[in-house]
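# Structural description and commentary
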Amino acid sequence: MIDVHCHLNFHAFEKDYDEVIKSAFKAGVTKIINVGTKIDSSFRAVEMAQKYPQLYAIVGVHPHHADKLEAGWELELEKLAKNPKVVAIGEIGIDYFRYKSNSIVDPKLQKETFIKQIILANKLKLPLQIHNRLAGKDILDILENHKPYLLNPPGMFHCMSGDLDSLKKVLDLGFYIGFDGNITYSGLAPGETVELKELVSYAPLDRIVTETDSPFLTPEPMRGVKNRPEYVIIIGEFISKLRGINFDKLRNQTTKNVKKIFSI
Ligand SMILES: [Zn+2]
Ligand SMILES: [Zn+2]
């Protein structure tokens with residue numbers, strides 16, 4: 001199994017990342033992609049990817065940090081993105097959820113930062129890894145308006161949410177879909193109208209990839225402890241059960257899908 005989106009580059013793993021990485025590979029994880037959310041965590045993701053052969057990095061500025069950028073960030077990001085272990089620009093997008101730790105960043109600023117990074121990704125011929133929370137419509141509008149900048153395939157939506165209509169539009173644009181441990185939670189997430197399980201049932205198998213978003217979104221039955229990349233196997237098992245297919249088939253298919261998006 002491959003974890004296409006986690007944050008071992010975050011402080012939460014400062015002390016145990018080496019143990020966590022080794023334990024994931026022992027459990028059957030074959031590749032791990034660490035994702036930056038601002039310049040310093042992107043730098044750290046690249047640094048870690050250089051240390052372990054099966055680790056890769058995605059670099060970018062998350063919408064939460066769009067209001068805290070320093071002058072010259074685009075050049076720094078471009079420099080980082082040129083590292084051969086960098087496989088995409090992300091996590092980028094729009095977020096309209098009011099978190100306790102982060103109020104909603106000015107939407108205009110979020111959109112500008114998102115668009116600048118779509119253009120950068122095109123310049124470097126890298127796919128996108130998109131973060132969307134309660135902002136599907138605005139994200140899809142921007143992607144539609146920037147179609148000439150999208151690669152084929154254009155990338156993936158990480159931690160998919162939203163309704164079936166937006167899932168269809170995301171698929172029509174050619175994006176792949178990432179599912180996390182929150183697909184194992186019952187009920188609706190705040191602000192959502194459709195259970196994630198419905199999206200998992202609808203998404204074509206040849207467009208699904210698996211991810212953990214560690215240290216967040218720990219799947220059941222481990223919920224309550226810090227998430228880690230090896231729990232991607234629990235997510236894979238959950239998807240294969242829900243779709244009524246054999247786990248090996250799901251693992252092989254998602255591995256193929258990862259290769260199509262990121263060439264790894
Ligand atoms: Zn995210
Ligand atoms: Zn994330």
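Since we're looking at a predicted model, the values are computed, not measured. (Residues numbered from 1 in each chain as written. Chains lettered and ligands numbered in written order. Predicted model: local features only at pLDDT ≥ 70, side-chain atom pairs only at ≥ 80, totals over all residues.)

### A short note on the pairing of strand β5 (residues 128–133)
Along β5, six of the six residues are buried, which leaves the element largely enclosed by surrounding structure. Burial of β5 is two-sided: the residues Leu128, Ile130 and Asn132 facing one way and the residues Gln129, His131 and Arg133 facing the other way are all buried. The pairing of strand β4 (residues 86–95) with β5 spans six bridges and is parallel. Directly across from Ile89, in β5, lies its bridge partner Leu128. On the question of chirality, the crossover connecting β4 to the parallel β5 by way of helix α4 (residues 107–124) is right-handed. When β5 meets strand β6 (residues 155–158), the two strands line up parallel, connected through four bridges. The residue of β6 that forms the bridge with Ile130 is Phe157. Crossover handedness for the path β5 to helix α5 (residues 136–145) to β6: right-handed. (Buried ≥ 20, exposed ≤ 12 C-beta atoms within 10 Å, placed from the backbone. Helix = DSSP H or I, 4+ residues; strand = E, 2+ residues; numbered from the N terminus. Pairing = 2+ DSSP bridges. Right-handed = clockwise from strand over helix to strand, strands pointing away.)

### Side note on the packing of helix α3 (residues 73–81) against α4
Interhelical geometry of α3 versus α4 gives an angle of 35° and a closest axis separation of 11 Å. For the pair α3 and α4, the sense of crossing is right-handed. The segment α3 lies against α4, with Glu74, Leu77, Glu78 and Ala81 engaging Lys116, Leu120 and Leu124. Among the residues making up the contact of α3 with α4, the classes are represented as four nonpolar, no polar and three charged. (Axes fitted to C-alpha atoms, helices over the stretch in contact; angles between N-to-C directions. Left-handed = near helix turned anticlockwise from the far one by under 90°. Contact = placed C-beta atoms within 7 Å. Nonpolar A, V, L, I, M, F, W, Y, C, P; charged D, E, K, R; others polar.)

### Here we look at unusual backbone geometry
Here the bond from Asn152 into Pro153 is cis, since omega is 0°, no more than 30 degrees from zero. Within the element layout of this structure, Pro153 appears in the loop between α5 and β6. The omega torsion of the bond from Glu220 to Pro221 falls at 5°, within 30 degrees of zero and hence cis. In this fold, Pro221 is placed in the loop between β8 (208–210) and α8 (232–243). Backbone geometry places Cys159, a non-glycine residue, at a positive phi of 50°. Looking at the element boundaries, Cys159 is found in the loop between β6 and α6 (164–172). Judged by local crowding, Cys159 falls into the buried class, with 23 C-beta atoms found within 10 Å. Within the chain, Ser263 stands out as a residue other than glycine whose phi angle is a positive 55°.

### Brief notes about the sheet that holds strand β3 (residues 55–59)
Hydrogen bonds along the backbone pair up the strands of a sheet, which may run parallel or antiparallel. On the basis of which strands lie adjacent, the open sheet formed by eight strands has the order β1-β2-β3-β4-β5-β6-β7-β8 and parallel pairing. Taken across any chain shown, the strands that pair with only one partner, and hence form the sheet edges, are β1 (2–6) and β8. Recorded for the sheet is a direction-independent mean angle of 25° between the axes of neighbouring strands. Both strand β2 (residues 31–35) and β3 contribute to a ladder of four bridges, which runs parallel.

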